[in-house]
Amino acid sequence: LRPATPFHLMIINLDRDNLELSEDYGNENRSEEDAVMSGDAAGAAEAKRKEIYAYQAPWPIYGMNWSQKKSKPMRLAIGSFVEEYTNKVRVIEVDQEKGQFEQVAQVDHPYPTTKIMWLPDVEDKIEADLFATTGDYLRIWKIGEQGFTSMECLLNNNKSSDFCAPLTSFDWNESDPNLIGTSSIDTTCTIWDLTVSKPVGEVKPGAAVSGEVKTQLIAHDQEVYDIAWAKGVNVFASVGADGSVRMFDLRNLEHSNIIYEDEDSSPLLRLAWNQQDSNYIATMKMDSSSVFVLDIRVPMEPIAVLERHEASVNGLAWAPHSSCHMCTAGDDQKALIWDISSMPRVEPILAYDAAGPINQINWSKADTDWVAIAHDQTVEALRV
């Protein structure tokens, strides 16, 4: 993690005066002169490469995800959050000549997306350019030439009816892109077996992807709020309104392991699995300023609690390239980067102050120098 980025070195006492940025927000970049004046030789050498890209959407942003293709690393999909049936998913990409995000595609989406995720294809091995969304159903979308975007398939886990309980989240397996896991308010998790890049025609002639239910299980006693795959193709975990983290193995779904149960049974909203070290899971609970780091080898007790946020945490993301770094963000308008190598005592090492409460955060897998945050109608790409 380099100095002289939009993130500032974290002051442990969280003295706000020491955390103020040099008003990069809105200016979107530091000039070469600023870089030289600050003594940042590396920044001067790379002055043409911005430290912050900001994009203003015409609606509040909730869903957000970085492209996972190295050929298109500076591309984001963002979803609107408006209280109407018709919402939007917009794809934006940095135009290097203009030095700013530009819209490259947009589709109508029924209801707000609960999550957006691009096909995990960092090495560009799959020809199809796909992303998925959840809301009322799981939908797979394909981006074609000139940004033309089409829905390749709509997947309903209820075979007996067109009704589908709302989906709260999903995760696309990095090791096998044919696997997607969804979580639902009906207490279930569903594992979908997709056929990526093989025209099958179940949904429409020549579709780039189709899918069928691989397995569906009652995962929790109450609503399931999030699901995440471990590295590999068999193990996943989920969290929900019953306050528990549960781990499952596709090779033996008759049993699950409870990794953690909140002592107050407070709902757990999100979890993230460390892709560099599968022993570690991070989770957060509703209306809490803390993030809990769990070691699956030592269940039930967090091995570390990250407690420097001053309001509810809304998002967390492990660094894709590091087993010991994580970024969190919340209603206190802060994005914090942590180094957990010093567990159990963990302090943030870098901080960024946004202009509003941050509701989403995502660390790019295609270019790990970049973290994206969303607040209000703004998305910001921050170089770390």
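Residues numbered from 1 in each chain as written. Predicted model: local features only at pLDDT ≥ 70, side-chain atom pairs only at ≥ 80, totals over all residues. Heavy atoms only, no water.

Account for the overall build of the protein chain, with residues named and values stated.
In terms of regular secondary structure, the protein chain is built from three helices and 29 strands. By the burial criterion, 55% of the 384 residues in the protein chain qualify as buried. (Helix = DSSP H or I, 4+ residues; strand = E, 2+ residues; numbered from the N terminus. Buried < 20%, exposed > 50% of the residue type's maximum accessible area, 1.4 Å probe, protein only.)

Now, about the sheet that holds strand 16 (residues 235–240): what can you tell me, with residues and values included?
Read across the sheet, four strands follow the order 15-16-17-18 without closing on themselves; strand pairing throughout is antiparallel. For this open sheet the edge positions go to strand 15 (224–229) and strand 18 (257–261), each flanked by a neighbour on one side alone. Across the sheet, the axes of successive neighbouring strands diverge by a mean angle of 20°, strand direction being ignored. When strand 15 meets strand 16, the two strands line up antiparallel, connected through five bridges. Residue alanine 228 lies in a different strand from strand 16, and its bridge partner there is alanine 237. (Pairing = 2+ DSSP bridges. Axes fitted to C-alpha atoms, helices over the stretch in contact; angles between N-to-C directions.)

I'd like a rundown of unusual backbone geometry, residues and numbers included.
Following methionine 343, the chain continues to proline 344 via a peptide bond in cis, the omega torsion being 10°. Along the polypeptide, proline 344 turns up in the loop between strand 25 (334–339) and strand 26 (348–353). Look at glutamine 146: it is not a glycine, yet its phi comes out positive at around 55°. Its place among the elements puts glutamine 146 in the loop between strand 9 (138–143) and strand 10 (149–155). Its relative accessible area of 76% is what places glutamine 146 among the exposed residues. Non-glycine residue aspartate 287 carries a positive phi angle of around 55°.

Give me the lowdown on the packing of aromatic side chains, citing residues and values where you can.
If you walk through the whole model with that rule in mind, you get 10 aromatic pairs. An angle of 65° between the planes, with centres 5.5 Å apart, marks the rings of tryptophan 229 and phenylalanine 236 as edge-to-face. Take tryptophan 229: its relative accessible area is 2%, and that puts it in the buried class. Classification of phenylalanine 236 by relative accessible area gives buried; the value is 0%. The structure contains a cluster of three or more aromatic residues connected by ring pairs, namely Tyr53, Tyr55, Phe101 and Trp370. Positioned above the aromatic ring of tryptophan 118, the side-chain terminus of arginine 75 is 3.9 Å from the ring centre. In this structure, lysine 115 packs its charged tip against the face of phenylalanine 170, placed 5.8 Å from the ring centre. (Phe/Tyr/Trp six-rings, centres within 6.5 Å; stacked < 30°, edge-to-face > 60°. Lys NZ or Arg CZ within 6 Å of the ring centre and 35° of its normal.)

Quick one: what's the story with the sheet that holds strand 7 (residues 115–118), residue by residue and with numbers?
Overall, antiparallel pairing links the four strands, which are arranged 7-8-9-10 in an open sheet. Edge positions in the open sheet fall to strand 7 and strand 10, since each of these has one partner strand only. Along the sheet, successive strands turn relative to each other by an average axial angle of 20°, direction set aside. When strand 9 meets strand 10, the two strands line up antiparallel, connected through six bridges. Residue isoleucine 143 lies in a different strand from strand 10, and its bridge partner there is threonine 149.

So what's going on with the pattern of salt bridges? Which residues, and what values?
Summed over the entire model, instances satisfying the criterion amount to 16 salt bridges. The closest approach of N and O atoms between glutamate 51 and arginine 383, which form a salt bridge, is 3.2 Å. Linking glutamate 51 in the loop between helix 3 (41–45) and strand 2 (52–56) with arginine 383 in strand 29 (residues 378–383), this pair joins segments that are 332 residues apart in sequence. For the pair glutamate 51 and arginine 383, one class covers both residues: buried. Among the salt bridges present, the one from glutamate 310 reaches lysine 334, with a minimum N-O distance of 3.6 Å. Residue glutamate 310 is found in the loop between strand 22 (304–306) and strand 23 (313–318), and its partner lysine 334 is found in strand 25; the two are separated by 24 residues along the sequence. (Salt bridge = Lys/Arg side-chain N within 4 Å of Asp/Glu carboxyl O.)

Tell me about the environment of serine 341, and please be specific about residues and values.
Note that serine 341 resides in the loop between strand 25 and strand 26. A polar side-chain atom of serine 341 sits 2.7 Å from a polar atom in the side chain of aspartate 339. (Polar contact = N/O pair within 3.5 Å; in protein donor to acceptor, adjacent residues only side chain to side chain.)

How would you sum up the confidence of the model for the protein chain? Please name residues and give values.
In regions of low pLDDT, the predicted coordinates are not meant to be interpreted in detail. With 83% of its residues at a pLDDT of 70 or more, the protein chain has an overall mean of 85. In the model, residues 11–48 has pLDDT below 50 throughout and makes 52 contacts with residues more than four positions away in sequence or in other chains. The low-confidence segment residues 197–206 (pLDDT under 50) makes 20 contacts with residues lying over four places distant or belonging to another chain. (pLDDT = per-residue confidence, 0-100. Contact = heavy atoms within 4.5 Å.)

Account for the side chain of aspartate 136, naming residues and giving values.
Note on placement: aspartate 136 falls in the loop between strand 8 (130–134) and strand 9. Taking the relative accessible area as the measure of exposure, aspartate 136 reaches 15% and is therefore buried. Of note is the side chain of aspartate 136, whose polar atom sits 2.6 Å from the side chain of arginine 139. If sequence neighbours within four positions are ignored, aspartate 136 has contacts with Pro110, Tyr111, Cys164, Ala165 and Leu167.

Which residues make up the environment of isoleucine 296, and what values do they have?
By secondary structure assignment, the location of isoleucine 296 is in the loop between strand 21 (291–295) and strand 22. Considering only alpha carbons, one finds isoleucine 296 and tyrosine 280, 16 residues apart in sequence, at a separation of 6.5 Å. Non-local contacts of isoleucine 296, meaning those with residues more than four positions away in its chain, are made with Met247, Ile259, Trp273, Ser278, Asn279 and Ile281.

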